[in-house]
Amino acid sequence: MILWLLACSMAPYPDYWPNKSLYPDIKTIEPAVVDGRVGGETITVTGNRLDEAMTVVIGGRNAEIVNVDTHSIQFLMPPLPAGPESVALSVVTESGAATRESAIRVKSPASDFTENETASVALLRYDCPIEGWGVYADGEEAPFGWCGTDMGYATAEAWLGSGPQPGFAAELALVSPLAELPPVGISRVYGPGDVPAPSVALAFKAHGWNEAIRIHTPRDFAADLAFIEERQDLLEATYSWADSISEWTLPFVTLYDDDECWLGDLDMVAAGGDTLDVDGDASGATGMTMGFGIVEEYEDFTYEDWATTGSAFISGEDGVIVGSPSGVELQYDDYSGWFVANGPAVGVAAGDFPSGEYVVSTTDSRGTDKEQGYIEGPTPLDLWETWPDLTVGYADVYLDEDLLVEWIPAPASEMPTIIAVEIVVYDMDTPHPNGTTQVARLVAQGDDSTGRLTIAQADLDQLPSAPNMWDDFDEAMGYWGDMSITRHQLRKVRMEEGDLVVDFVHTINGPVFLSRGFRR
Amino acid sequence: MYTWASGRGGEMIWLWLLAACGRPTDDYAVTLHGAGTDLSAIEALPSPMVGRIEVARYRLWGSNLGYGLTGLFGDEPRADGMGFVVGSASFGYPASTAFDRISPFLSPGPTQVGSCAVRPPGGDAAVEYVDVGDKVLLATPGQAGVTLERDPSVHPRPAGESWYVGYGNKLMPLIQEHPDLPDTWTPGALWAVSFPGTVPPSESTVGAIPYPFNDGWIQLPPDLENVTIGGAPVRAPNHGYTRGGEWTGEDDDVRYPGPFSTPMTVGWEAGRQGGKVTIVVRLHGVGVESACGCAADCGDGFTCDEGVCVGVDGATWNVLAEVACTAADDGEFIMQPEDMAGVWSQVDWVDIAGATLSVARMSESVAVVPDVLTWNGKRVGSDNNEVRLRASDILVTRLEVP
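Residues numbered from 1 in each chain as written. Chains lettered and ligands numbered in written order. Predicted model: local features only at pLDDT ≥ 70, side-chain atom pairs only at ≥ 80, totals over all residues.

## So, the overall build of chain A
Next up, step 1: When its secondary structure is counted, chain A shows three helices and 34 strands.
Next up, step 2: Evaluated residue by residue, chain A yields a buried proportion of 47% over its 520 residues. (Helix = DSSP H or I, 4+ residues; strand = E, 2+ residues; numbered from the N terminus. Buried ≥ 20, exposed ≤ 12 C-beta atoms within 10 Å, placed from the backbone.)

## What to know about the sheet that holds strand E5 (residues 61-62) of chain A
All names here are of chain A.
Next up, step 1: Judged by pairing direction, the sheet is mixed, and its five strands sit side by side in the order E2-E9-E8-E4-E5 without closing on themselves. At either margin of the open sheet sits one strand with a lone partner, and together these are strand E2 (33-35) and E5.
Next up, step 2: As judged from the two bridges shared by strand E4 (residues 55-58) and E5, these two strands associate in the antiparallel manner. The residue of E5 that forms the bridge with Ile 58 is Arg 61. (Pairing = 2+ DSSP bridges.)

## Observations regarding the nonpolar core
When a protein is soluble and globular, its nonpolar side chains tend to lie buried together.
Next up, step 1: Core analysis: the biggest nonpolar cluster contains 231 residues, and A:Val91, A:Val121, A:Leu123 and B:Val130 have the highest contact counts within it.
Next up, step 2: Residue contacts for A:Val91: discarding those within four places in its chain leaves A:Pro24, A:Ile26, A:Val45, A:Leu50, A:Ala53, A:Val56, A:Ile73, A:Ala97 and A:Ala98. (Core = buried A, V, L, I, M, F, W, Y, C linked by C-beta atoms within 7 Å. Contact = placed C-beta atoms within 7 Å.)

## Focus: the interface of chain A and chain B
Next up, step 1: Chain A puts 37 residues into the contact, and the matching count from chain B is 40 residues.
Next up, step 2: Among the secondary structure elements, those contributing two or more residues to the side of chain A that touches chain B are E4, E5, strand E8 (86-93), strand E9 (96-107), strand E28 (417-432) and strand E29 (435-447) of chain A.
Next up, step 3: Classifying every residue of the side of chain A that touches chain B by side-chain character gives 19 nonpolar, 16 polar and two charged. (Nonpolar A, V, L, I, M, F, W, Y, C, P; charged D, E, K, R; others polar.)

## Observations regarding the sheet that holds strand E7 (residues 72-76) of chain A
Residue and element names in this part refer to chain A.
Next up, step 1: Strand order in the open sheet formed by four strands is E1-E3-E7-E6, with antiparallel pairing between adjacent strands. Lying at the two open borders of the sheet, with one neighbouring strand each, are strand E1 (25-30) and strand E6 (64-69). Averaged over all pairs of adjacent strands, the angle between strand axes in this sheet comes to 20°, irrespective of strand direction.
Next up, step 2: Across five bridges, the pairing between E6 and E7 is antiparallel. Within E7, the residue paired with Asn 67 across the bridge is Gln 74. (Axes fitted to C-alpha atoms, helices over the stretch in contact; angles between N-to-C directions.)

## Quick look at helix H2 (residues 221-238) of chain A
Working note: α-helix, 3.6 residues per turn, so residues spaced by three or four point in the same direction.
All names here are of chain A.
Next up, step 1: In this model, H2 (18 residues) spans 26 Å end to end at C-alpha, consistent with the 26 Å of a helix rising 1.5 Å per residue.
Next up, step 2: For H2, the set of buried residues is Phe 221, Asp 224, Leu 225, Ile 228, Arg 231, Gln 232, Leu 235 and Thr 238. Taken end-on, H2 shows its buried residues confined to a sector of 165°, consistent with a single buried face.
Next up, step 3: Contacts from the buried residues of H2 go to strand E16 (245-248), strand E18 (262-272), strand E19 (275-281), strand E20 (287-297) and strand E21 (302-323). (Expected span 1.5 Å × (residues − 1). Arc of directions from axis to C-beta.)

## Observations concerning the confidence of the model for chain B
Next up, step 1: Looking at chain B, pLDDT values average 87 and 87% of them are 70 or higher.
Next up, step 2: Model confidence for the complex is summarised by a pTM of 0.90, with the ipTM given as 0.91. (pLDDT = per-residue confidence, 0-100.)

## Points about the pairing of strand E17 (residues 308-311) of chain B
Residues and elements named next belong to chain B.
Next up, step 1: For strand E15 (residues 288-291) and E17, the ladder comprises three bridges, and the chain directions are antiparallel. For Ser 290, the partnering residue across the bridge sits in E17 and is Cys 309.
Next up, step 2: Alignment of strand E16 (residues 302-305) against E17, held across four bridges, turns out to be antiparallel. In the strand pairing of E17, Cys 304 is matched with Cys 309.
Next up, step 3: Here E16 folds back onto E17, and the loop between the two strands holds two residues, one of which, Glu 306, carries a positive phi near 55°.

## Digging into the pairing of strand E3 (residues 42-48) of chain A
Residues and elements named next belong to chain A.
Next up, step 1: Note that E1 and E3 share five bridges and pair antiparallel. Looking across to E3, one finds that Ile 29 is bridged to Val 45.
Next up, step 2: Pairing of E3 with E7 involves five bridges; the strand directions are antiparallel. Looking at the pairing, Ile 43 lines up with Phe 75 of E7.

## Side note on the environment of A:Pro198
Next up, step 1: Relative to the helices and strands, A:Pro198 is located in the loop between strand E14 (187-190) and strand E15 (212-217).
Next up, step 2: Separated by 137 residues in the primary sequence, A:Pro198 and A:Arg61 have C-alpha atoms spaced 9.2 Å apart.
Next up, step 3: Among all residues touching A:Pro198, those that are not within four sequence positions of it are A:Arg61, A:Pro79, A:Pro81, B:Ser153 and B:Val154.

## Here's the deal with unusual backbone geometry
Next up, step 1: A cis geometry characterises the amide bond from A:Glu30 onward to A:Pro31, with omega recorded as -10°.
Next up, step 2: Structurally, A:Pro31 can be placed in the loop between E1 and E2.
Next up, step 3: Omega for the peptide link from A:Trp387 to A:Pro388 comes to 0°, which places this bond in the cis form.
Next up, step 4: Along the polypeptide, A:Pro388 turns up in the loop between strand E25 (369-376) and strand E26 (395-398).
Next up, step 5: You will see that B:Asn226, though not glycine, has its phi angle at about 55°, which is positive.
Next up, step 6: Within the element layout of this structure, B:Asn226 appears in the loop between strand E10 (213-219) and strand E11 (228-229).

## Observations regarding the environment of A:Glu157
Residues and elements named next belong to chain A.
Next up, step 1: With respect to the secondary-structure elements, Glu 157 resides in strand E13 (residues 152-159).
Next up, step 2: Through-space distance from the C-alpha of Glu 157 to that of Phe 339 is 5.7 Å; in sequence the pair is 182 residues apart.
Next up, step 3: When neighbours within four sequence positions are excluded, Glu 157 is seen to be in contact with Ala 122, Leu 172, Trp 338, Phe 339 and Val 340.

## Quick word on the environment of B:Trp344
Residues and elements named next belong to chain B.
Next up, step 1: Here Trp 344 lies in the loop between strand E19 (332-335) and strand E20 (354-369).
Next up, step 2: What makes Trp 344 partly exposed here is the crowd of 15 C-beta atoms within 10 Å.
Next up, step 3: Separated by 226 residues in sequence, Trp 344 and Val 118 have C-alpha atoms that sit 10.0 Å apart.

This is the structure:
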């Protein structure tokens, strides 16, 4: 008994810093507000017993200490991932540690808007050229397949974590995340050896298998047909072999049953609202994709290809299809913890997020549906009026002069709309286990309302040249340049536990020649 | 007082114990499979440690090999022919012997040169996680090298969820002497190991090392070159191409007979400074990679079986058992079928879907790091908090299924 009492009275471990009177004392922090999460600002902390500060942690990330004495510490703000505006500061000295909660307010694009975000949805439409152009060693320029006849793709994901997750919606698509954007007018260049900005930390939350989020707008098959026509126009305008196209198929649908098994293809005949006339029997079909096909005639062979532009859940009859609303249903996936697109065959396609008003509804774990509110749909970048023209697959960026980026501004809205521009240089000769090896990257933010952004030559000059070359086997070799112009449009509805934020992301991406002196 | 030996039946227990003490004892000729009679002679006792920092260069030179070999990922799509670098680090308290000996990539062979040991798949240390800051950096002084970033990047707040803290566990390209990019692998280089230290949010449940650490060193092993099996050079597959780069469209199968019924002679270019080479034969079971409706949904090297993609040579991340040998770095080692004998009591033949051979040069060292700060402000340490540092150059190839 005595031994037991003795054991209980002994603490297994001593206090790390036993003398609290020696702990550092934080009095003031200047500046207390910083603009952007990119980092680099010099912050000064004053107080007592700060000498021998060895570790400074701000917002959960390590800061670089640049100066320290008894009464002050100067450190550089580290890059921070999306998260709360107010972040904590901790200082560790030889004799103790001190933490100041809500020490610094870190603003970022739309951070006021996403302050109460607890559910995050990213809907991405990604447009890229059918072909990318490169150069052979002898100087001949030639195109090869880039994004194919789909000329892009779409993704949809949602994350509902276990706590606040402000800014996450603009991160989930992994395309030009807002937290990485410097203030308008400043470019951030990540060079070789720079560690990329930290990604958001996802905190898992238990969900029911049947939980879902729906973001829907009334089906308008006429709009779907118009999107198909725009894609056909784009293909005709940008495909180097367009003269060899002998036949454009009628817009068609590909039908699937409940098991996502292919049932057949039917031509689209007429469209109105959610009703689509087709040239055959669609009975038994519950899902479909839409698109068009081309036939190319060459001397020795005929080549057929087709493009998928949209998708829909449907009920089919002989000659008639009635479509479900456009948009997406995001179903909880208990394997990954994400909410993922539940769509026929392809998940979602580039034409699945038309402009218009969307209703946001949810299904909880008990299977109860609830309409959460309405949001404004996206206004995609105009593929024909955005400069540089990345749809052609051979745009030039001259690193020895300013680069002017232009677009048609989105309509005025109270909702945040942000333009992000990225130029990336890849080394195609260095295989990367997860894609391509990045050498350098430039990131800039544009004010959408102005329709233009100038990237300074001094910033561009930090990028290496990218001649975009093909080898003898038509494989990309050496340095290749790649540019993206992205519009983030944030929307939100208020739910009981916080805001559900939707980011409509539209990106135009394509290869770019990066050169100095040389003009093609 | 009631004790286990009192009351009804207690007297009998005492009698059994007394009888047992009176039994004659002797040394019995019980042997470990292929390992001799004294375990401590071939495998030194592991040391309790507070963490492990590891980096490995992999070359997947055999058919149907995937990133599952790292123990961190799945196999699909297959990655045979690839060379890459991967790093991993984790820290915990109280100190655990698992940090010393068990690797997520490839655990070292037995201590004794020329011996083999059969072992089941290893487990990780059962410890409380410890955060050491944003990253663990392994680098040549003055240059950026390999950065193992923390997962999670920050602790979500409220931070009760931050139960996991790991470093690295991402695949990196193999970069050597690149004009712009820092090396991710420099054979023979002495790399410094450091981390910045941190304090997690007050409500976090993880421990932390609050101070920077800048005093670790690991020497990367020299290149492992000219590896052969039975005299045949081990090479990367050239799927669809000849060695000259000409397109044939034919899948190029690269696999070798293993030491299952006849001896397997493994050769390599001997090291200049002696040392050891670890040679590991792994037996793999099947493993599900993804859902599928038909074979076309699965990539090359996989087939659709009852709605899921499975590797035709099994899943490299599913290790049923392995035999690890330690060879002198003299350029040749012969694995005998007897070395595999212990495997067959652990693995049912019908479960074996594939086999691989890993040949590795490893370099190990130890770093002493500052004490751990527990979530409630206590100090855990002993002035000798050791962390295992390990760098491995691993070449993996495919063996024919026994």
